[in-house]
Structure formats: C-alpha cells, structure tokens
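Structural overview
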Amino acid sequence: MKTTFKNHFERTPARVTARAGGTLLTVMILTATLTVLLGTLAAASLQRVHSLRVESEQMRAMAIAEAGLNLAFNALAADHTLAHANNPILINPEFGGGHYTVSATSPMTNVVLLRSTGTYRQREVEVIATVALHPPEAEDSSDDFSAGLPGPFGAVALFAGGNLTMSGGIQVHMQGFSAHANGTVNLSGFPTLYADHLSTHNNIILSGNPQLHLGQGSGRLHADGPISLRGNIQAAEITSSASINGDWGTMTPAVNMAPSVTWPNWFSPMPPVQIGPVATVPPMSLPTLDVDAYRDAAIAHTYFYQGNQNITRSWLTADILERTGVNVNNNETVVEPSGGILFIDGDVTVGQDMVINGMIMATGNITIGGGSTFSNPTPFPALVSVDGNITIGGGASGPTVNGWIYAMNGNVAAGGGASGLSGIVAAHNLSITAGYTLGNTDSESSFTSPGQPGGPGGETPGDEHGNSITLLSWIR
C-alpha cells in the first residue's frame, strides 16, 4: 500500500499572507503614532517644567525686589537725605538667595521715585514706587496743652467753659499761669488767688474780702461784661469792655479802664481811671482728648472696668485675688494700674484711705473723698470724666503730680477740706470752696496722650525729628 505524506513547506494561500501583512502594518502605524505622541508629551512636559521654573524664578526675583523697595521705604522715612544721596541708595544686598539694587531719583520737590531691581539666578524684575516726603512741621503751641491752655493773656491753668466760683477760705496758687472763664467769675468770702491774670468772657462779681495777687502786681483783671469790685486787688490793670463799679471795701492800685467807671463819692485813695473802649476777649474752648486711645491702653494692660466701681479695700482685695490668686484680707490700700491708666466705663468713687498712683478716666462721675490720697506719676492726665462730674472733697489730698483734672462735658467741684491739687483744672463749671488749697507757687502740669511719643501706642513712621513719608504709587 502506498502512503502519502503532506509537505509542511507547502505554500500558504495568498489571502492568508495578505491578512498577516495588514496586521503588521497596523501595528507599525500604531507604534509610530504612540512614539510621536509620547515624544510630543515629553517635549510639552519639559517645556512646562521650564516655564514653571522661569515663573518661579521671576516670582522670587519680584519678592526680592519688593523686599528691597520696602527696606528703602523705611530707610527713607527715617532719613530724608537718602533721596539726595548718591544713586543707588541700596546696592546689591543679599536677600532670599538673590540680591537687589534700589535707586532713588527726585522728579519734583519732596517727591521721590524708587526703582528696585531684584535678581534671582538669571531672572530680573523691577518694581517702582513713588513717595512723598513730609519734612517736620513747626510745632503749633495752640495744640499743646502740656503747659497750660492758651488763654487771652497767657497760659491758663484754671479754666471754666461756663462759670468759675471761688468761695470760703480757699488758697489757689498758680503763679506763672492764669485763670479764665467763658461765663461769670464769682469770688466771695475770703478766697486768696495767686495768678498771672484773671479774665472772663462775661462778668466778674467780687464780694466779701477776696485777695487777688495778679502777676505779682503787674497782672490784669479783665471782663467783657461788668465788674463789681471788692477786696484787695494787687494788679496793674482792671479792664472791662462794659463797666467797672468800685466799692468802699476795695483796695487796689490798678488803673481802671472801661467805657464807664463808677466809685463812691469821697472814696480815697482813688485809683487811676481811664474812660474809653476796651477790646473784648474771644471765648476759649475745652480741649479734645482721644478717649478711645486711653480706653485701648487700659484694655491692653487689663485695667478696664465695665460698670460703676467703688474703690475700697474690699474692691482692691477682690481685684488682687482675681489677678494673682492671693487673698490680702483688706490689708492693701494702694491702687497702681499697670500702664498707668485705670479706665471705668461708668461712675467711680475712691473712698476711705485708698491711695491711687496713676490716672483715672471714667465715662461717668468721679468722686475722690474720704481721706483718700491721689498722685499721678504717669505722663497722662490725673482725673478725666468724659460725660460726668468730678468731685474732690472730704479730706482728700492730691493729686500731687501732673494733676490735670478735666471734666470734658461736666463740672468740677473741690472742697470739704481737700488740699494739695497741683495742676491744671478744666471743666464746664468749676467751683472751689470750703478751705480748699490748690497748688503751690511753682506748680506745673503736663501730660502726653496714649499714642503720642512718650505714651503707649505706635508712633508715625519717621525719625526723631518728625520726618515722615507717604506712599503714592506701587507699580509691579
């Protein structure tokens, strides 16, 4: 039997060969497409990385440039002469891995153009700013209350926006300063006043036996309205824009000047008289204080109290216990606020034998009495009531240092055997009575508000001479 074996190398049919070739071509095309796509993505990724690096370096360069501009701004605020120094004013200081150069030019008076170039690696960015220079201004004494209020005849240390009353056996010593009222001045009983001048925008009534020593005999007693004289008046001039009426109980060497002057018949010795017009004086205004600045300073030092406060031994014991955890059992009497300011949003009474070392500011009434002692070693006023009255009496002594006593919208009444006040007193109505002793022959008073140089709070940019600058534009 014949056996037949098939040849394995027998030729494949043509349709099979064509199918295989098509598949191979498709694979090759896909491979080429993927290769191109991957190459494109790789190139785009590299470009993106490069762009991000460039952007990052530019941002770093800009940050360095702005840092240089900021330092130049502060340096120029402290020293205006840098605007006229050799250019550039800041040369290549290192900062943040790079460096910057700041130049200054002055296109017009008191205006400076600052150019800051920041460099980081190969990148440079320029930032430009224009600033205005503010040279120090001359001090305006009309806004300076540290040496008395500006009055019609000199610095005033005793001022009533309304009426000024002195009665009883009081002693008021304020040589070097004057007293003034916008309303009526009424002196009765046996008050003694040592001052440079006493004046009013209204009228003066003297009764009893007042003793006035004005300017050591060279001062002036003046009223825009009528003056009724009595007592011992040692002054150079008594002037009125209306009239002067003398009395048998008056002794004075002063020249009487007014449109009308009347003395009793046969009065002797008759003082010199000049009949004629006398100019009036302008009314004074109570000064403005920044209450928020004092409140913020007290809050910052945790001496702000909400509601009425009665400052006694038990009040202080509770306050010390809350602050320190120590119970002093009512054995402490000294209240000395940190930061110097005790601020009460309400009324405050200081009684018994309490000792206050610092300033008290209250939105309501302030009462100092009961044999209490008050001193103010701070650069701030001593007692300030924002909307209430201030009463000092009952054997209280002090304030003894920098004693600005000020009722911004109320009255001040001092009496009842109190003594030792040695500063400026201002209020709407001011009454000093009943044996009160005010000040001494060399009494002075000054204060600094919070936020001003010397007080808590920030100072305006500038140097010790008061130079400052303002940013006008900042261009990236």
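Preceding this paragraph is the structure being described.
In this text the structure is predicted, and so the values were computed from the model without any measurement.

Details of the overall build of the chain
Scanning the chain from N- to C-terminus turns up three helices and 41 strands. Taken over 476 residues, the chain has a buried fraction of 43%. The long-range fraction of contacts in the chain, counting pairs at least 24 apart against all pairs at least 6 apart in sequence, stands at 36%. Accessible area of the chain: about 23700 Å², with a carbon and sulfur share of 55%.

A short note on the sheet that holds strand β25 (residues 309-311)
Spatially, 12 strands are ordered β22-β19-β16-β13-β10-β7-β39-β36-β34-β31-β28-β25 in an open sheet, and the strand pairing comes out parallel. The open sheet terminates on both sides in strands that have one partner only, identified here as β22 (261-262) and β25. Judged from the three bridges that link them, strand β7 (residues 164-166) and strand β39 (residues 429-432) form a sheet pairing that is parallel. Residue pairing for β39: Thr 165 is matched across the bridge by Ser 431.

Details of the pattern of salt bridges
Inspection of every chain in the model, using the stated rule, returns eight salt bridges. A salt bridge links Glu 57 to Arg 123; the shortest N-O distance between them is 3.0 Å. Of this pair, Glu 57 sits in helix α1 (residues 14-78) while Arg 123 sits in strand β4 (residues 123-134), and the two are 66 residues apart along the sequence. Note that Arg 115 is salt-bridged to Glu 126, the shortest N-O span being 3.3 Å. Highlighted residues: Arg 115 in strand β3 (residues 111-120) and Glu 126 in strand β4, separated in sequence by 11 residues. On the accessibility criterion, Glu 126 (37% relative accessible area) is partly exposed. Put simply, Glu 57, Arg 121 and Arg 123 are held in one network by salt bridges that share partners.

Brief notes about the packing of aromatic side chains
Scanning all chains against the criterion turns up six aromatic pairs. Taken together, a centroid distance of 5.3 Å and an interplanar angle of 55° make the contact between Tyr 305 and Trp 315 tilted. Residue Tyr 305 is found in strand β24 (residues 304-306), and its partner Trp 315 is found in helix α3 (residues 313-324); the two are separated by 10 residues along the sequence. Between the NZ or CZ atom of Arg 323 and the centre of the ring of Tyr 303, over which it lies, the distance is 3.7 Å.

So, a nonpolar patch on the surface
Together, Met 270, Val 273 and Ile 275 make up a nonpolar patch on the protein surface, roughly 280 Å² of accessible area in all. Tracing the sequence through the fold places Ile 275 in strand β23 (residues 273-275). With a relative accessible area of 58%, Ile 275 lands in the exposed category.

Observations concerning the pairing of strand β18 (residues 237-240)
The sheet contact formed by strand β15 (residues 220-223) and β18 spans four bridges and is parallel. Paired with Arg 220 across the bridge in β18 is Glu 237. As paired elements, β18 and strand β21 (residues 255-258) share three bridges and run parallel to each other. Following the sheet pairing, Ile 238 is matched in β21 by Asn 256.

With respect to the pairing of β39
Here β39 shows a clear split, with Leu 430 and Ile 432 buried on one side and none of Asn 429 and Ser 431 buried on the other. Pairing of strand β36 (residues 411-414) with β39 involves four bridges; the strand directions are parallel. Residue Ala 413 lies in a different strand from β39, and its bridge partner there is Ser 431.

Looking at the environment of Asn 329
Within the element layout of this structure, Asn 329 appears in the loop between α3 and β26 (334-335). With 12 residues separating them in the primary sequence, Asn 329 and Thr 317 have C-alpha atoms 6.4 Å apart.

A few points about the sheet that holds strand β29 (residues 355-357)
Taken in spatial order, the three strands line up as β26-β29-β32 in an open sheet, and their pairing is parallel. Strand pairing shows two members of the sheet lacking a second neighbour, β26 and β32 (373-375), which therefore form its edges. The pairing of β29 with β32 spans three bridges and is parallel. Across the sheet, residue Ile 356 finds its bridge partner in β32, namely Phe 374.

A word on the side chain of Gln 309
Positionally, Gln 309 belongs in strand β25. There is a polar contact of 3.4 Å between the side chain of Gln 309 and the backbone oxygen of Gln 306. Beyond its immediate sequence surroundings of up to four residues, Gln 309 is in contact with Trp 315, Ile 344, Asp 347, Val 348 and Thr 349.

Observations concerning the side chain of Thr 312
Considering the arrangement of structural elements, one finds Thr 312 in the loop between β25 and α3. Residue class for Thr 312 comes out buried when judged on its relative accessible area of 16%.

Remarks on helix α2 (residues 291-300)
The set of residues buried in α2 consists of Val 291, Ala 293, Tyr 294, Ala 297 and Ala 298. Buried residues in α2, looked at end-on, bunch into an arc of 165°, giving them a common side. Looking at the buried side of α2, the elements it contacts are β24, β27 (341-345) and β30 (359-362). Positive backbone phi, at 60°, marks Thr 302, one or two positions downstream of α2.

Some remarks on the nonpolar core
Counting 86 residues, the largest nonpolar core has Leu 158, Leu 164, Leu 198, Leu 221 and Ile 360 as its most contacted members. Of all the elements, strand β6 (residues 154-160) adds the most residues to this core, at five residues. Membership of the second largest hydrophobic core comes to 18 residues, among which are Ala 72, Phe 73, Ala 104 and Tyr 120.

Observations concerning α3
Helix length check: α3, at 12 residues, gives a terminal C-alpha distance of 16 Å against a target of 16 Å (1.5 Å per residue), a fit within 8%. When we look at burial in α3, the residues that qualify are Trp 315, Leu 316, Thr 317, Asp 319 and Ile 320. Tucked into the core, α3 has its buried residues touching β24, β25 and β26. After α3 finishes, the residue Gly 325 shows a positive phi value of roughly 80°.

Calculation criteria
- Each chain carries its own residue numbering, running from 1 in the written order of its sequence.
- With the structure being a predicted model, the display of local features is reserved for residues of pLDDT at least 70 and the display and counting of side-chain atom pairs for 80 or more, all residues being used for whole-chain, interface and lining totals.
- Side-chain measures were taken over the full set of non-hydrogen atoms in the model, leaving aside hydrogen atoms and water.
- In DSSP terms, a helix is any run of H or I states spanning at least four residues, a strand is any run of E spanning at least two, and both are numbered starting from the N terminus.
- Whether a residue is buried, partly exposed or exposed follows from its accessible area with a 1.4 Å probe, protein chains only, as a fraction of its type maximum: under 20%, in between, or over 50%, in that order.
- Note on contacts: a residue pair is in contact if any heavy atoms of the two residues lie within 4.5 Å.
- Note on areas: Shrake-Rupley, 1.4 Å probe, and residue coverage restricted to the protein chains presented here.
- The pairing criterion is simple: DSSP has to find at least two bridges between the two strands.
- By salt bridge we mean one thing: a side-chain nitrogen of Lys or Arg within 4 Å of a carboxyl oxygen of Asp or Glu.
- Only centres within 6.5 Å qualify two rings of Phe, Tyr or Trp (six-membered ring in Trp) as a pair; their planes then separate them into stacked at under 30 degrees, edge-to-face at over 60, and tilted for everything else.
- Placement of a positive charge over a ring is assigned whenever Lys NZ or Arg CZ falls within 6 Å of the ring centre and within 35 degrees of the normal to the ring plane.
- Each patch is built from residues lacking any salt bridge and having more than 30% relative accessible area; the joining distance is 9 Å for like charges and 5 Å for nonpolar side chains (Val, Leu, Ile, Met, Phe, Trp, Tyr).
- Two N or O atoms count as a polar contact when they lie within 3.5 Å, although within protein this holds only if one can serve as hydrogen donor and the other as acceptor, and sequence-adjacent residues are included solely when both atoms are side-chain atoms.
- For this quantity, the arc is that covered by the directions from the helix axis to the C-beta atoms.
- Each nonpolar core is a collection of buried residues, namely Ala, Val, Leu, Ile, Met, Phe, Trp, Tyr and Cys, held together in the definition by side-chain atoms within 4.5 Å.
- Multiplying one less than the number of residues by 1.5 Å gives the expected span of a helix.

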